[in-house]
Amino acid sequence: MRGSVAEALGIVGLTRRFGALRAVDGVDLSVERGTMTGLIGPNGAGKSTLFNLLTGTLRPDAGTVTLMGQDVTRMRPEARFAAGLGRTFQIPRPFARMSVLDNVMTAPTAQLGERLWGPFLRPRAVAAQEARLRARAMEVLDFVTLAPLAQHPAGKLSGGQTKLLELARVLMGEPSVILLDEPAAGVNPALTELLIGKIEELNRGGTTFVIIEHDMDLVMRHCAPIVALAEGRVVFQGSAAEAQSNQVLIDAYLGGVHA
Amino acid sequence: MIGVISYLVFFATVASILAIAVLGLNLHWGYTGLFNGGVVAFFGAGAYGTLMLGGAPQPHLGGFEWPWIFALIGGVAAAAVLAWIVGLLTLRLRHDYLAIATFGVAVAFENTMRNAQGFAGGAQGIRGFERPFREFAGNGLGWNLLYLALVLVALVATYLFLERLARAPFGRLLRAIREDEEAARSLGKSPARIRLTSFVTGSAIMGLAGGLYGTFYAFVSPQDVLPILTFQIWAMLIVGGAGNNRGAVAGAFLIWGAWTASGWGLSRFAPVDWQLYAGSIQWVLIGSVIVGMLMWRPEGLFPERVGEDRPQTGRTT
Ligand SMILES: Nc1ncnc2c1ncn2[C@@H]1O[C@H](COP(=O)(O)OP(=O)(O)OP(=O)(O)O)[C@@H](O)[C@H]1O
Ligand SMILES: [Mg+2]
């Protein structure tokens, strides 16, 4: 099944140290296109650090990352987004003193009006592009059920709504791979169901997801495959059924979940 | 009566010039979150640049007698070039360090002007600038009125330019970078380039204010680029409302009004032995205004608008 053609993310020997701590320690992982991979592991296992290495927020000490077959190891985060890699943050990072709509309209790359002279030299082209972006942003906000709040300051949203906003922002870039860091943390159950529903809908449309999540029930029901990280290493990789019968995982991490 | 009118014209001219500088700072701080602690360096580069290029031959550098408008453009360019160099060196720094670094640049600028006798006239500054349009506006109130009109044109043009920018995707991008640089990067934005663009543009606007100021007095000296001017311009922005161009202009008029009124009040009513300290008392007053505003109304008199004409209320957490 493995192979670069079907591979959305190819991770080889990825390592990142913080002082003496090996936060990510020689991770090899192949994320297949169209999958919804669940990334689990105890606190401090290195899950978020792995995301930061994939997006370029952190530089690896060793190893390589490919995105849709292209080596992106040396690319800056902004270039990786343009290349089709989107991400959300464990602690949401909305543009607080901007409206929800402006948050979402910021995301698309290569906007004519983002250049200093754009609005003056090509006002019509900028206005036309803005109109298109606005329409698309409202569609995306509608998709994540935030359309009624489009003009609200993003800093005033609830925690769950902020997670939806981050997803909406990322979707504007139409990435092929999306990394979600604990999308359900602090989100009420009704909103979580909605969020997962939206993610699955996108996944059926072909978007590849990697999801860090501590809610085991959610991971077991929705993610395949499941990858477990502990102390910076991949300690398990397989289906939900395999995870539930894996003694190491049960002892180390899953214990009690299915009591 | 004529005295009152000419005083009002004088006041409005200086306040409008300062308002232009405040608009430049608003682009830096209000929109981009760049803490420029050295506003006077760019203001000064504009003033010195304009007078050097447009002035009559002098013992120091300059005196090229360029037509006024070209001299003014040269002054703006001088401020922009200085900002570009400073920006390349310091914009990687975070807020507090950027503030200290730019403050240092301004102090270095002042000291250079004060000591470089052959370059910038030293402590005596640069004089003898031929004011524009003297031929048909004379030297008295007529010229002052004409010049006020010119300054107002510059103020309105700057305001419209910045409003257009603020509403364009460019302004949205600046605010996104102000709010969260890492999130902006994760959405494909390159903060370094945009911060530099904003820094150079805002500084060029400060340079325009400096050039107009130097033209008005036909004189500039190191006394015009002291740190107090940076603080005054900051006070104007904080009182008016960072992130709101209308607030920036209103803040300039309010603070400049309060500043001149307090100076006049102190000289008129304060006991004679206090007069010596009038300058220091004004410093304390402006400091108190900044602190008081930050404590009780940090968003300023005209808060930034978030969303469609939705005034933001209170602090965001
Ligand atoms: N910037 C940093 N500097 C130093 N140490 C760090 C840094 N970032 C993470 N770490 C450390 O690296 C280890 C892995 O952290 P990471 O955030 O990746 O864990 P995680 O698996 O996401 O945990 P959680 O489930 O709690 O979010 C932790 O021990 C953490 O303290
Ligand atoms: Mg984490």
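Keep in mind it's a predicted model, so treat the numbers as computed, not measured.

Draft legend 1. Representation of the site of ligand 1 within the structure. Residue and element names in this part refer to chain A. Close to ligand 1 lie 14 residues, the nearest being Asn-43, Lys-47, Thr-49, Gln-90 and His-214. Between ligand 1 and the protein, one listed contact pairs an oxygen atom with a side-chain N or O atom of Ser-48 at 2.8 Å. In isolation ligand 1 exposes 630 Å². Once the protein is present, 62% of that is buried. Among the elements of the structure, β2 (21-32) and α1 (47-55) are those that each provide at least two residues to the shell around ligand 1. Along the lines of polarity and charge, the residues of the shell around ligand 1 split into 5 nonpolar, 7 polar and 2 charged.

Draft legend 2. Looking closely at the environment of Lys163(A). All names here are of chain A. Along the chain, Lys-163 turns up in helix α6 (residues 159-172). Along the sequence, Lys-163 and Leu-14 sit 149 residues apart, while their C-alpha atoms lie 28 Å from each other. Apart from residues no more than four positions distant in its own chain, Lys-163 is found in contact with Phe-89, Gln-90, Pro-92, Asp-181, Glu-182, Pro-183, Ala-185 and Val-187. Of note is the side chain of Lys-163, whose polar atom sits 3.3 Å from the backbone oxygen of Gln-90.

Draft legend 3. Up close: the domain arrangement of chain A. All names here are of chain A. Per the domain assignment, the segments of chain A are domain 1 (7-93 + 174-254) and domain 2 (95-156). Each partner contributes to the interface: domain 1 provides 8 residues, whereas domain 2 provides 6 residues. Contact between domain 1 and domain 2 buries roughly 570 Å² in total, counting both sides, with carbon and sulfur atoms accounting for 66%. Looking only at domain 1, the three residues that lose the most surface to domain 2 are Phe-81, Glu-174 and Lys-198, adding up to 53% of its buried area. Between Arg-136 and Glu-174 there is a salt bridge, with the nearest N and O atoms lying 3.2 Å from each other.

Draft legend 4. Seen up close, the interface of chain B and chain A. In this assembly, 34 residues from chain B lie in contact with 38 residues from chain A. A combined buried area of about 3400 Å² lies between chain B and chain A, and 58% of that area is made up of carbon and sulfur atoms. Put simply, chain B and chain A have 6 salt bridges between them. Taken together, chain B and chain A are joined by 14 residue pairs in polar contact (both at pLDDT 80 or more).

Draft legend 5. View of the coordination of the magnesium ion (ligand 2). Bound to the magnesium ion (ligand 2) are the protein donor atoms Ser48(A) (OG) and Gln90(A) (OE1), situated 2.0 to 2.1 Å from the metal. Here the residue Ser48(A) occupies a position in helix α1, and Gln90(A) occupies one in the loop between β6 (85-87) and α3 (100-106), the gap between them amounting to 42 residues.

Draft legend 6. The packing of helix α1 (residues 2-32) of chain B against helix α12 (residues 245-269) of chain B, seen in detail. Residues and elements named next belong to chain B. Two elements in contact, α1 and α12, have axes whose closest approach is 7 Å; the angle formed by their N-to-C orientations is 135 degrees. Put simply, α1 runs oblique to α12. You can see that α1 and α12 cross each other, and the crossing is right-handed. On α12, the residues touching Tyr-7, Phe-11, Ala-12, Val-14, Ala-15, Ser-16, Leu-18, Ala-19, Val-22, Leu-23, Asn-26 and Tyr-31 of α1 are Asn-245, Ala-248, Val-249, Ala-252, Phe-253, Trp-256, Gly-257 and Thr-260. Partitioning the contact of α1 with α12 into residue classes produces 15 nonpolar, 5 polar and no charged.

What counts and what doesn't
Residues numbered from 1 in each chain as written. Chains lettered and ligands numbered in written order. Predicted model: local features only at pLDDT ≥ 70, side-chain atom pairs only at ≥ 80, totals over all residues. Heavy atoms only, no water. Near = heavy atom within 4 Å. Polar contact = N/O pair within 3.5 Å; in protein donor to acceptor, adjacent residues only side chain to side chain. Areas by Shrake-Rupley, 256 points an atom, 1.4 Å probe, with all protein chains shown as cover. Helix = DSSP H or I, 4+ residues; strand = E, 2+ residues; numbered from the N terminus. Nonpolar A, V, L, I, M, F, W, Y, C, P; charged D, E, K, R; others polar. Contact = heavy atoms within 4.5 Å. Domains from an automatic or database assignment. Buried area = accessible area lost by both parts, 1.4 Å probe. Salt bridge = Lys/Arg side-chain N within 4 Å of Asp/Glu carboxyl O. Donors = N, O, S within 2.8 Å, 3.2 Å for Na, K, Ca; no water. Axes fitted to C-alpha atoms, helices over the stretch in contact; angles between N-to-C directions. Parallel < 35°, antiparallel > 145°, perpendicular 65-115°, else oblique. Left-handed = near helix turned anticlockwise from the far one by under 90°.

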